[in-house]
Each structure stands twice: as structure tokens, then as C-alpha cells.
Amino acid sequence: MKRFWPVLLVLGLLGLGYLLVPKGAHSFFGTRLLNPKPVDFTLQGPEGPVRLADFQDKLVLIFFGYVHCPDVCPTTMLSLKRVYENLSPEERKRVQVIFISVDPERDTPEVADQYAKAFHPDFLGVTGTPETLQEVARTFGVYYQKTAYRGPGEYLVDHTATTFVVRKGQLVLLLSPDKLNFAQNPGYLPKVVADLRALL
């Protein structure tokens, strides 16, 4: 009998865990951070400084990219537009999408904001000095670097393509590019929308 005790103990703990999990708890499709990370930044929008802390009352979706990006940026921004438009008008009032350009050499705050608003007028585009952007990128664990350099103003930028979800100043959810690939996986859209609703 003693040799079965470890098995019985594990089964007992699993049963206890099941009983302690709130019924109806949301199972997240994106990567939920068990230890939310405090984050903040101040970057430049078309009308002046934009601070993440100013959106404490909103769920903020943040994507790092650049205006001349040929593929993942427009694809992700289109996906975020679809997610946003699948929320109710009341829910949208509590959500803010922010596009952060990591290419300040070509993307002024005005250009970054125009790019974001081309996908939805409620979206916000910002950027900053190279030094500030590096600091913000480190905070979020974002990598970016110029590549395929062909001359001044002619280059690509390799960058992290994760969408970061922040609630009350804390990073709580990560959405990888594959989970926002609704063209190939249309069933992912309602799952992402459900994640956001669970956080609102």
C-alpha cells in the first residue's frame, strides 16, 4: 500500500486544486503573466508627451514596429483593428491601442500617429529619441536592430513582434504574432477578444 501513497497524494492535490479554481474562470489564449510586471514610459505623440500612466483606467495594447515595415507590422495592426472592432462601443472606451515606432530616424511622432490612425482613428502612434526607445524596449524585453542597410533612409528593422497588454500599469498578457494571424486562423479572433474581455 505504501508504494501507492505518492500516487494518491498527487491525485489528492490535483483534486484539491480543481476545487480551489474558481468555476467559470477564463482560460487565457494569450500568455498570461503569473507575476505582472510594472511598466511605464513617456514617449512623444503628435501633440506632445504621452505617458503610459495616463491610461491607468484603460486596457492598453502595445505594439513595437515601424512605418516602413513590409509585413508583420501592417498584418498585426490590421489584426488589432479587427480585435478592437469586435468589442462593444462601451468596451472600446476602456481599451487603447498604442503603436510605438522603433525607427525615429524616419518616423516622427506625427508620422507614427498617422500610421496608427490609418488602421483605426482611435489608435495612437508614438516614438521617442533613440536613447528613450532603447530604455522602453528594455523594459518590455523588445529587440530591434537595423538590417538590410542600403543607404541613408533605406533599410529594414528587425524587431520583436509581440503585442503587449498592460492593465493598471502592469504587463499582464502577451500575444505572439501567430495568435494574431487571423487570416490563417480565423478562430483565433474570438479567443483574443475573450482574453481582453476577461481583463476589462
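Scroll up to find the structure this text is about.
Just so it is clear, the model here is predicted, and its values are computed rather than measured.

Within the protein chain, the secondary structure is distributed over 6 helices and 10 strands. When burial is assessed residue by residue, the protein chain has 40% of its 200 residues classed as buried. Sequence-distant contacts, at least 24 apart, represent 70% of the contacts inside the protein chain between residues at least 6 apart. Carbon and sulfur atoms form 58% of the exposed surface of the protein chain, whose accessible area is close to 11000 Å².

A few words now on the side chain of S79. For S79, the location among the structural elements is in helix α2 (residues 72-85). Sequence-distant contacts of S79, defined by excluding residues within four places in its chain, comprise L180 and F182.

In this model α2 runs 20 Å from its N-terminal to its C-terminal C-alpha over 14 residues, within 8% of the 20 Å that 1.5 Å per residue would give. Among the residues of α2, those classed as buried are C73, T76, M77, S79, L80, V83 and Y84. One side of α2 holds all its buried residues, which, seen down the axis, span an arc of 160 degrees.

Within the secondary structure, K179 sits in the loop between β10 (170-175) and α6 (188-199). A distance of 2.6 Å separates a polar side-chain atom of K179 from the backbone oxygen of F29. Those residues in contact with K179 that lie beyond four places of it in its chain are F29, G30, T31, Y188 and V192.

Within strand β4 (residues 59-65), 7 of the 7 residues are buried, leaving the element largely enclosed by the surrounding structure. With burial as the criterion, each face of β4 is covered, one bearing L59, L61, F63 and G65 and the other bearing V60, I62 and F64. Taken together, the 5 bridges between β4 and strand β9 (residues 163-167) define a ladder with antiparallel strand orientation. Of the residues in β9, the one forming a bridge with L61 is V165.

Turning our attention to the sheet that holds strand β6 (residues 124-126). With mixed pairing, the 6 strands of this open sheet are ordered in space as β1-β10-β9-β4-β5-β6. The open sheet has two free edges, formed respectively by β1 (31-38) and β6, since each of these has just one partner strand. Sheet twist, expressed as the mean angle between neighbouring strand axes with direction ignored, is 25 degrees. α2 rests against β4, β5 (95-101) and β9 of the sheet, and its axis sits at about 165 degrees to β4. In this fold helix α5 (residues 130-140) packs onto β1, β4, β5, β9 and β10, with an angle of close to 120 degrees to the strand it touches most, β4.

So, on to the packing of aromatic side chains. Centre-to-centre distance and the angle between the planes together describe a pair of aromatic rings. Taken as a whole and judged by the stated rule, the model has 9 aromatic pairs. Residues F41 and F140 carry aromatic rings whose centres are separated by 6.3 Å and whose planes lie at 55 degrees to one another, so their mutual orientation is tilted. With F41 in the loop between β1 and β2 (42-45) and F140 in helix α5, this residue pair connects regions lying 99 residues apart in the sequence. Here F41 and F140 have matching classes, each one buried. Measuring from ring centre to ring centre gives 5.3 Å for F140 and F164, while their planes differ by 65 degrees; the resulting arrangement is edge-to-face.

Criteria and thresholds
- Residues numbered from 1 in each chain as written.
- Predicted model: local features only at pLDDT ≥ 70, side-chain atom pairs only at ≥ 80, totals over all residues.
- Heavy atoms only, no water.
- Helix = DSSP H or I, 4+ residues; strand = E, 2+ residues; numbered from the N terminus.
- Buried < 20%, exposed > 50% of the residue type's maximum accessible area, 1.4 Å probe, protein only.
- Contact = heavy atoms within 4.5 Å.
- Areas by Shrake-Rupley, 256 points an atom, 1.4 Å probe, with all protein chains shown as cover.
- Expected span 1.5 Å × (residues − 1).
- Arc of directions from axis to C-beta.
- Polar contact = N/O pair within 3.5 Å; in protein donor to acceptor, adjacent residues only side chain to side chain.
- Pairing = 2+ DSSP bridges.
- Axes fitted to C-alpha atoms, helices over the stretch in contact; angles between N-to-C directions.
- Phe/Tyr/Trp six-rings, centres within 6.5 Å; stacked < 30°, edge-to-face > 60°.

Treat this as a map of the structure, not an account of what it does.
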